[in-house]
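Analysis of the macromolecular model
Spelled out from the first residue to the last, the chains are:
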Amino acid sequence: MSDAIVVISDASFDEEVKQAEGPVLVDFWAPWCGPCKMIAPVLEELAVEYGNQIKICKMDVDANKETSAKLGIRGIPTLTIFKNGNAESTKVGALSKVQLKAFIDSVL
């Protein structure tokens, strides 16, 4: 995984997401999830393309059950965009690069 994507945990969620200056896209995923693996390289590309416009983070739901339970994450991949610490928009399931760009652009 590149430096463009921030790996977060239950412990770092508030600092990295809730207190972030700009919008943050969090990919809730698990290592055994096929669709999660499919979108991972696309998220890497978008993290580089968007640069400082949006922070892209990944959270392994198996290793970080507290945050995913609080947020009601039921299916993965779940992609949630946070602005000012609040969940603004959520998509569940694997999305194409075009769909992911449209999702991100909708909140920028």
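None of these values were measured; they are calculated from a predicted model. (Residues numbered from 1 in each chain as written. Predicted model: local features only at pLDDT ≥ 70, side-chain atom pairs only at ≥ 80, totals over all residues. Heavy atoms only, no water.)

Here we take up the packing of helix α2 (residues 34-50) against helix α4 (residues 97-105). Two packed helices can be described by the angle between their axes and the distance between those axes. Closest axis-to-axis distance for the α2/α4 pair is 10 Å, and the angle between their directions is 45 degrees. In terms of orientation, α2 and α4 fall into the oblique class. α2 and α4 meet at a crossing whose hand is right-handed. Across the interface between the two elements, Val 42, Leu 43, Glu 45, Leu 46, Glu 49 and Tyr 50 from α2 touch Lys 97, Leu 100, Lys 101, Ile 104 and Asp 105 from α4. (Axes fitted to C-alpha atoms, helices over the stretch in contact; angles between N-to-C directions. Helix = DSSP H or I, 4+ residues; strand = E, 2+ residues; numbered from the N terminus. Parallel < 35°, antiparallel > 145°, perpendicular 65-115°, else oblique. Left-handed = near helix turned anticlockwise from the far one by under 90°. Contact = heavy atoms within 4.5 Å.)

One pass over the full model with this rule turns up six salt bridges. Lys 101 is the salt-bridge partner of Glu 49, the closest N and O atoms lying 3.2 Å from each other. Taken together, the residues span a long stretch of sequence, with Glu 49 in helix α2 and Lys 101 in helix α4 at a distance of 52 residues. Notably, a salt bridge pairs Lys 70 with Glu 66, separated by 3.5 Å at the nearest N-O pair. Of this pair, Lys 70 and Glu 66 both sit in helix α3 (residues 65-70), separated by four residues, roughly a single helical turn. Since its relative accessible area comes to 46%, Glu 66 is described here as partly exposed. (Salt bridge = Lys/Arg side-chain N within 4 Å of Asp/Glu carboxyl O. Buried < 20%, exposed > 50% of the residue type's maximum accessible area, 1.4 Å probe, protein only.)

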